[in-house]
Amino acid sequence: MSGRYETPLNSRYASEQMQQIFSPERKFTTWRRLWVALAESEMEMGLPVTREQVEQLRAHIEDIDYEAARRHEERTRHDVMAHVLAYGDVCPDARGVIHLGATSCYVTDNADILMLRDALQLVRAKLIEVVRRLRTFALRYKDLPTLGYTHLQPAQLTTVGKRATLWMQDLLMDLDEVSFALSSLKLLGNRGATGTQESFMKLFDGDGAKVDELERRIAEKVGMRACFAVSGQTYPRKLDSRVLGALSGVAQSAYKFAQDLRLLQSFREVEEPFEAGQIGSSAMAYKRNPMRSERICALARHVMALVQNAQMTAATQWFERTLDDSANKRISVSEAFLAVDAILNLYENVASNLVVHEKVIAKHIQEELPFMATENILMDAVKAGGDRQALHERIRTHSLAAGSRVKDEGKDNDLLERIAADPAFGLTREQILRHLDPADYIGCCPEQVERFLRDCIQPALEKYAGALAGHSAEITV
């Protein structure tokens, strides 16, 4: 145990993969890769950088002396220069060409873009995996009737599988947003102090074409297709707002799923997994609390709140840049990704192991089905010669009486027995009870599920085939 605060996003929630993307090691080795790309491109274009210097820089990308960097930063009060100096300590022959023509944002912002790319790719892969798990669930229960709810009151029937398609449709929208955010990523490039590339124009004796070619080569070396067309000193902070907006969308969808499940678990209809040795409550040994779903909701609220940070930062940047984005950005962007990663780990775990209590669902249907059956009974009675308006009033009166019996006396719903005993309807008990098959009340649910899985889900799964296939989310409790 440490005597210092440690974010639970690391110790309890996020995966090792996502933690590594935002780790100091990834950040500072990426800085060095960018310095190598800069030096190598400058060498290729005839600036005074040698192959030996480039190779010396390349040989020391990984072996960062963090203590040396700390000492340099203590003296310079500048994190980028501290790492320039620490890099030069181990690359003495290349010391003079490290960071040639660049400003700090060349490494900080370009590295951030590369980390955003890797993090968004991981989020997208996990989204696909959650969709894949829900697909299996939806297909299995495509025709299992269950009570639908509007206003959290029992409504017409749906199916368990159809409800799962609503969760999946939200995730497909998130997949579109995450993919769009990924496609919109561009490097800052090598823009200099105010985005004018003035220092590189000096290096290339005013040849703008060479400045553009340098930037193109750098982007290619780090696996990016393009740089922003224009910028100030930094890449536009609107990008962070867009990315966190996509992450917020994931959080919203996950919250909806988890909240639905918390309610269903309260009804004892569908439950999240509960392990053999798991304890629901330290006081009430019988409890099975929906801990995973509650955690999804808690983390989702955090992500949704973080979006405002990015929005405010984008709105308050002064002219070519200001530094009040830095501390906020370091926290909000990384925490949003770590939290969404944890949310998707939990979502996948829950979606893979949902427990459906079919007999409880059937019991709840039977408690409400008599009310739903009255419309069909009314039509049968009218066909037999009854007066529609008079029978409608009889049904209303019987329904109120049956409802009072259920709610005030705690007894079974006897609505259909009351109608069968009422000679105004002219129907036998058998004619009335034939309307109690739940399968008659689910409409097109099975067909809707099959069509949705075929036309919407399958193309998405094929497009991203292989993403985390067979992966099983590890969660800590």
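Source: prediction; values computed, not measured.

Asker: I would appreciate a short explanation of the packing of helix α7 (residues 104-140) against helix α8 (residues 160-183) in the present structure.
Answerer: The relative placement of two packed helices is expressed as an angle between their axes plus a distance between the axes. Relative orientation of the contacting elements α7 and α8 amounts to 165°, with a least axis distance of 9 Å. Taken as axis vectors, α7 and α8 run roughly antiparallel relative to one another. Seen along the crossing, α7 lies across α8 with a hand that is left-handed. Taken together, the residues of the contact of α7 with α8 sort by class into 18 nonpolar, 4 polar and 4 charged.

Asker: Any chance you could explain the environment of R321 here in plain terms?
Answerer: Tracing the backbone shows R321 in the loop between α12 (291-315) and α13 (326-352). We classify R321 as partly exposed; its relative accessible area is 22%. Residues within four places of R321 in sequence aside, it is in contact with C105, Q233, T234 and R237.

Asker: Quick question: what am I supposed to make of the pattern of salt bridges here?
Answerer: If charged atoms from side chains of opposite charge come close, those side chains can pair. Taken as a whole and judged by the stated rule, the model has 40 salt bridges. The partner of E44 in a salt bridge is R217, and the shortest N-O contact between them spans 3.0 Å. With E44 in helix α3 (residues 24-44) and R217 in helix α10 (residues 208-221), this residue pair connects regions lying 173 residues apart in the sequence. By relative accessible area, E44 is classed as partly exposed at 34%. Look at R217 and you get partly exposed, because its relative accessible area is 24%. As a salt-bridge pair, K329 and D112 come within 3.5 Å of each other at their nearest N and O atoms. Residue K329 is found in helix α13, and its partner D112 is found in helix α7; the two are separated by 217 residues along the sequence. The exposure class assigned to K329 is buried, which follows from its relative accessible area of 10%.

Asker: I would appreciate a short explanation of the packing of α3 against helix α4 (residues 51-59) in the present structure.
Answerer: It is at 10 Å that the axes of α3 and α4 come closest, and there the two elements cross at 165°. By the angle between their directions, the pair α3 and α4 is classed as roughly antiparallel. Crossing geometry of α3 relative to α4 is assigned as left-handed. Contact residues: α3 offers V36, A39, E40 and M43, while α4 offers R51, V54, L57 and R58.

Thresholds, definitions, all that
Residues numbered from 1 in each chain as written. Predicted model: local features only at pLDDT ≥ 70, side-chain atom pairs only at ≥ 80, totals over all residues. Heavy atoms only, no water. Axes fitted to C-alpha atoms, helices over the stretch in contact; angles between N-to-C directions. Helix = DSSP H or I, 4+ residues; strand = E, 2+ residues; numbered from the N terminus. Parallel < 35°, antiparallel > 145°, perpendicular 65-115°, else oblique. Left-handed = near helix turned anticlockwise from the far one by under 90°. Nonpolar A, V, L, I, M, F, W, Y, C, P; charged D, E, K, R; others polar. Buried < 20%, exposed > 50% of the residue type's maximum accessible area, 1.4 Å probe, protein only. Contact = heavy atoms within 4.5 Å. Salt bridge = Lys/Arg side-chain N within 4 Å of Asp/Glu carboxyl O.

These figures capture arrangement, not role.
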